[in-house]
Amino acid sequence: QDFRRQLHHLFENFRHCTGLHQSTQARGSLWALDGTTEMTAAKTRTGVGSAGASTPGDQQRTDTIFVGWSVVWIGSVVAVVIAQSWRLWDGFDYLIFGAVLALPCFGLPLVVDWWEPRTDHISSCWSVRANLWIAIVVIIASHFGTQYFFALLGVRYTMPTGGWEVNNVPLSMHLMAHPYFITYHTLAVRIVQWLDPLYPAPPSASARVYHLGVLWLFGYVTAYIEAWSIAAFPHYSYPDKEAMLSIGSAFYSLLFVVTYPMYVELHRAHAAGEKWTLWRICCHALGASMLVLVLYESWRLTIGRISSLVNDTACPPYAHHILGHGVLAP
């Protein structure tokens, strides 16, 4: 107990040094559906939000940990690609690497929250809720959405899997997608927080439209940078690089067009003290994922494949059952 008290004292000093202990005043949110203030002073807790809209202390700590871990996992991926360590890996090695990148997203915030005195259940922590939401989106996007990438973009995975795959998608890619999406969506929240001070409360309809436009643009930039950076990894290939970067990024950004605003809504609700049940969070994430699949299917029906180089022979053999003898052809 003495050891735990000493560690708690050190953590409290860290909070004061980093400003995590400071409180702010509430203001209107661009994501409050009724245009009213997002939080009253009675609900204000430790943390900072957008232009004074406070976020619960555990929410700010978790977001800070997410940003810090982003630096670590991105650096790890860059190091592996530069050193070409992947050349020596088998399917299990890829799986272990993905787990090493993904598990701290769950574990690190919980370890920090464990030292904080709390009266509510651990499931009320923002880290649990954020990771649950992201995990559902990642699983559905990887399991179902990737099939559209196979058929419409000609994407293929060629790394050894050793049988560690589901629906022709390596499990390591499921795991690695989690820290990717944690980073992307945390940055989306930060962007909204940076933009909020530009508008008075309550926000106008034009301000909300502007914010949505910024998030959609950030979604395209996110998709483009990921497509460009992953080109250095030869086991993720596509037949037409130019079309993949320009048009393929637009297709990929359909996911972020949906998930960024909806994740911000979840973030705002937690900041406002709205304790969504885990079931409601699951339904929220499932609804976002369904809308993404609807957009993918709409693209298939109206636009089709991104390039003439993407055809039945360019698609991986295991994607032919997705094509269904022309079902997914434009």
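Everything here concerns the structure above.
As a convention, each chain's residues are numbered from 1 in the sequence order in which they are written. For this predicted model, a pLDDT threshold of at least 70 governs which residues receive local features, and a threshold of 80 or more governs which side-chain atom pairs are given and counted, while totals over whole chains, interfaces and linings are taken from all residues. Water and hydrogen atoms were dropped before computing side-chain values, which therefore reflect all heavy atoms in the structure.

1. Examining the overall build of the chain
Along the backbone of the chain there are 9 helices and 4 strands. Contacts in the chain between residues far apart in sequence, at least 24 positions, make up 78% of those at least 6 positions apart. A 1.4 Å probe and the Shrake-Rupley method give the accessible areas. Residues count as covered only by the protein chains that appear here. Per element, the accessible surface of the chain, about 15400 Å² overall, is 68% carbon and sulfur. In DSSP terms, a helix is any run of H or I states spanning at least four residues, a strand is any run of E spanning at least two, and both are numbered starting from the N terminus. In this analysis, two residues are considered to be in contact whenever any of their non-hydrogen atoms come within 4.5 Å of each other.

2. With respect to the packing of aromatic side chains
Only rings of Phe, Tyr and Trp enter the pairing, Trp through its six-membered ring, and a pair is recorded when the two centres are within 6.5 Å. The plane angle decides the type: under 30 degrees is stacked, over 60 is edge-to-face, the rest tilted. Per the stated rule, a full pass over the model turns up 24 aromatic pairs. Relative to Tyr263, the ring of Trp126 has its centre 5.9 Å away and its plane inclined at 55°; by these criteria the two rings are tilted. Of this pair, Trp126 sits in helix H4 (residues 126-153) while Tyr263 sits in helix H7 (residues 241-271), and the two are 137 residues apart along the sequence. Grouping residues by exposure puts Trp126 and Tyr263 together as buried. Whether a charge sits over a ring depends on NZ of Lys or CZ of Arg being within 6 Å of the ring centre and within 35 degrees of the ring normal. Stacked on the ring of Trp276, the Lys or Arg Arg280 has its end atom at 3.9 Å from the ring centre. Any residue under 20% of the maximum accessible area for its type is buried, any over 50% is exposed, and the rest in between are partly exposed; the area is computed with a 1.4 Å probe on protein chains only.

3. Section: the packing of H7 against helix H8 (residues 278-302)
Where helices are involved, their axes are fitted lines through C-alpha atoms of the stretch in contact, as for all axes, and angles between N-to-C directions lie from 0 to 180°. Running from amino to carboxyl end, H7 crosses H8 at an angle of 160°, the nearest separation of the two axes being 10 Å. Put simply, H7 runs roughly antiparallel to H8. The hand of the H7/H8 crossing is right-handed. Residue-level contacts link Ile247, Ala250, Phe251, Tyr252, Leu254, Leu255, Val258, Thr259, Met262, Glu265 and Leu266 of H7 to Ile281, His284, Ala288, Leu291, Val292, Leu295, Tyr296 and Trp299 of H8. Each residue belonging to the contact of H7 with H8 can be placed in one class, and the counts come to 16 nonpolar, 2 polar and 1 charged. In what follows, roughly perpendicular refers to angles from 65 to 115 degrees, roughly parallel to angles under 35, roughly antiparallel to angles over 145, and oblique to any angle outside these ranges. Handedness of a crossing follows from how the near helix is turned relative to the far one, being left-handed for an anticlockwise turn of less than a right angle and right-handed for a clockwise one. Under the convention adopted here, Pro, Cys and the residues Ala, Val, Leu, Ile, Met, Phe, Trp and Tyr are nonpolar, Asp, Glu, Lys and Arg are charged, and Gly plus all remaining residues are polar.

4. So, the environment of Arg61
Checked against the element boundaries, Arg61 lands in helix H2 (residues 57-83). Considered as a pair, Arg61 and Asp113 are 52 residues apart in the sequence and their alpha carbons are 8.5 Å apart.

5. Points about unusual backbone geometry
Its identity as a non-glycine residue notwithstanding, Asn167 has a phi of 55°, on the positive side. In this fold, Asn167 is placed in the loop between strand E2 (165-166) and strand E3 (169-170). Judged by relative accessible area, which is 28%, Asn167 ranks as partly exposed. Of note, Asn168 is a non-glycine position whose phi angle comes to about 70°, a positive value.

6. Here's the deal with the state of the cysteines
Disulfides are defined in this document as cysteine sulfur pairs within 2.5 Å. Summed over all chains, the structure comprises 0 disulfides. Of the cysteine sulfurs around Cys282, a residue in no disulfide, the closest is that of Cys283, at 6.9 Å. By relative accessible area, Cys282 is classed as buried at 18%.

7. Regarding the nonpolar core
Remark: nonpolar core denotes a set of buried residues (Ala, Val, Leu, Ile, Met, Phe, Trp, Tyr, Cys) joined through side-chain atoms within 4.5 Å. Within the largest apolar cluster, 71 residues are counted, with the highest numbers of intra-cluster contacts made by Trp133, Phe181, Tyr236, Phe251 and Tyr296. Elements with a contribution of two residues or more to this core: H2, helix H3 (91-114), H4, helix H5 (171-195), helix H6 (205-230), H7 and H8. Residues in contact with Phe181, not counting those within four places in the same chain, are Ile134, Val137, Val138, Tyr252, Leu255 and Phe256.

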